[in-house]
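Below, each chain spelled out in residue letters.
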Amino acid sequence: MYTDRERCVRAVQSKDARFDGWFFTAVLTTGIYCRPSCPAVPPKPENMVFQPSAAACQQAGFRACKRCRPDTSPGSPEWNQRADLVARAMRLIADGVVDRDGVPGLAARLGYSSRQVERQLLAEVGAGPLALARAQRARTARLLVETTELPMADVAFAAGFSSVRTFNDTVREVFALSPSALRARVPHRTPPLPAATPGTLALRLPFRAPLNPDNLFGHLAATGVPGVEEWRDGAFRRTLRLPYGHGVVALTPNPDHIGCRLTLSDLRDLTVAISRCRRMLDLDADPVAVDDQLRTDPVLAPLVDKAPGRRVPRTVDEAEFAVRAVLGQQVSTAAARTHAARLVTAHGDPVDDPEGGLTHLFPTPEALAAVDPDSLAMPRTRRATFTHLVGQLADRKLQLGVESDWSQVREQLLALPGFGPWTVDVIAMRALGDPDAFLPTDLGIRRAAKELGLPSTPAALTARAAAWRPWRAYAVQYLWATDSHPVNFLPV
């Protein structure tokens, strides 16, 4: 969008928050960059330069605005709508791959050369992987500086910097303030966390309005696996398996943000944990674009107008969700939870949760591959499907992650025994994040179609749903919401 200068100027002059994260405005006369909704008086159009990312602004020598704090914008929805090289690279960078494995590790995960990845990112995002990772480290550092009492040296290494000096220099360059000055600007310091909860942080996750929390948190809570997930005190809580350790997160819906309380065994996992929580809640979506498209169908329009801003409930672990999708084949939600809970108790890694009832991390594919199939209380054909899936995941023959090529993974899944269109599409929708995944054979969709007068056969319904593209996964949420199933209601 940043190449459409006239449209960008109009968005800045109207202070339209819908475009926050889509592009950034660099002001030539002041040397700062802002989000489109910055409350300051808009600069003259001739003094505006538009960039696709904060990293591109920083690389061009601009510093972050102190009023609108562009580093706190929601992420661009572009990277969760696509499965091309650039989008997959952006998702991996957000997941901290460059900080852990460097640019060669990023390229290897994508199956391209480092030079090719660098060239395509520069062409579309205006910055290479190192600059994008640096901007992300700066954003994480600011978060830790302003919301914790951690010593600055601990903040530096937790944010991913290799040295305190690099941390200090980057913060000064990006925010035009030293780390100590950043901390001093916080108006009301939160008192230090009690010693009983080391590594606990309280954060605010921004999103583009509107956001309807009913089906989002309702689905996560109703399908939650005991021991791994729970709804407690108005928050969805779950355990996280992270690169350097584990964590527990509590996510609370609020009108203008999602409250996020993270307890981490290693603070270096902060960036990854935030990225995965945002992805699970689909917080980088553009609900206005989605709902405007779906409203063009007279059948869906009343559903959208009644409760706009529905998101697609996703996952923090793609392999975990694939396993749970198999466990949920042709059984009720309660039965699927029971099957998963047994596996968690027997093969998950135990964790401590002083603040709730979480007990385990979901088992790894390697642990599940060692399970005796005869010990599984499910039909023989589903045991075979389960065994083939976890074996492929454990051997890395099937890799599910933010870097996955959606078309390629679909083909791989369909080649496995017991994988039909419903299982593949629900994995594509909720694990891989394909916004156009559709479930014409799903029982809830067929009920909704019958009630609304839509075609009842899968082929005819798929043909009708062509008008909803590329947002059919969101149409699924609106169709599901016509039922009285608990997944459609915010828990009390």
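Residues numbered from 1 in each chain as written. Predicted model: local features only at pLDDT ≥ 70, side-chain atom pairs only at ≥ 80, totals over all residues. Heavy atoms only, no water.

(A) A look at the overall build of the protein. In terms of helices and strands, the protein carries 22 helices and eleven strands. For the protein, the C-alpha radius of gyration of 23 Å lies close to 23 Å, the compact-globule estimate for 492 residues. On the principal axes, the C-alpha backbone points of the protein span a range of 65 × 50 × 50 Å. Residue burial in the protein is summarised as follows: out of 492 residues, 55% are buried. Considering only contacts within the protein whose residues lie at least 6 apart along the sequence, 68% involve residues at least 24 apart. (Helix = DSSP H or I, 4+ residues; strand = E, 2+ residues; numbered from the N terminus. Rg over C-alpha atoms; globule rule 2.2 N^0.38 Å. Buried < 20%, exposed > 50% of the residue type's maximum accessible area, 1.4 Å probe, protein only. Contact = heavy atoms within 4.5 Å.)

(B) Local environment of the confidence of the model for the protein. Predicted confidence across the protein gives a mean pLDDT of 92, with 97% of residues reaching 70 or more. Contacts of residues 190-196 to residues separated by more than four positions or lying in other chains number five contacts, the stretch itself having pLDDT below 50. (pLDDT = per-residue confidence, 0-100.)

(C) Summary view of helix H22 (residues 472-480). Along H22, nine of the nine residues are buried, which leaves the element largely enclosed by surrounding structure. Burial in H22 covers these residues: Arg472, Ala473, Tyr474, Ala475, Val476, Gln477, Tyr478, Leu479 and Trp480.

(D) Broad picture of the nonpolar core. In this structure, Leu294, Val323, Phe386, Leu389, Ile427, Met429 and Trp468 are the most contacted members of the largest nonpolar core, which totals 61 residues. What Ile427 contacts, discounting residues up to four positions off in sequence, is Phe321, Ala322, Ala325, Leu413, Phe419 and Leu432. Core analysis: the second largest hydrophobic core is formed by 51 residues, Phe24, Phe161, Phe175 and Met280 among them. (Core = buried A, V, L, I, M, F, W, Y, C linked by side-chain atoms within 4.5 Å.)

(E) Geometry of the pattern of salt bridges. With the rule as written, the count across this model stands at 36 salt bridges. Put simply, Asp284 and Arg278 hold a salt bridge, and the shortest N to O gap is 2.7 Å. Summarising the burial analysis for this pair, Asp284 and Arg278 share the class buried. Note that Arg469 and Asp436 form a salt bridge whose closest N and O atoms lie 2.6 Å from each other. Here the residue Arg469 occupies a position in the loop between helix H21 (458-464) and H22, and Asp436 occupies one in the loop between helix H19 (421-432) and helix H20 (443-452), the gap between them amounting to 33 residues. We classify Arg469 as partly exposed; its relative accessible area is 46%. Overlapping salt bridges bring together Arg69, Asp71, Arg142 and Glu146 as one network. (Salt bridge = Lys/Arg side-chain N within 4 Å of Asp/Glu carboxyl O.)

(F) A look at the packing of helix H4 (residues 97-110) against helix H6 (residues 129-147). Where H4 meets H6, the closest approach of the two axes is 10 Å, and the angle between their N-to-C directions is 165°. The angle between the axes of H4 and H6 places the two elements in the roughly antiparallel class. As H4 runs across H6, the sense of the crossing is right-handed. Touching Val98, Asp99, Val103 and Leu106 of H4 are Pro129, Leu130, Ala133 and Arg137, all from H6. (Axes fitted to C-alpha atoms, helices over the stretch in contact; angles between N-to-C directions. Parallel < 35°, antiparallel > 145°, perpendicular 65-115°, else oblique. Left-handed = near helix turned anticlockwise from the far one by under 90°.)

(G) Examining the sheet that holds strand S9 (residues 258-264) more closely. Taken in spatial order, the five strands make up an open sheet running S5-S9-S8-S7-S6, and their pairing is antiparallel. Two strands in the sheet have a free side with no partner beyond their single neighbour: strand S5 (200-205) and strand S6 (229-232). For this sheet, the mean angle separating the axes of adjacent strands, direction not counted, is 20°. (Pairing = 2+ DSSP bridges.)

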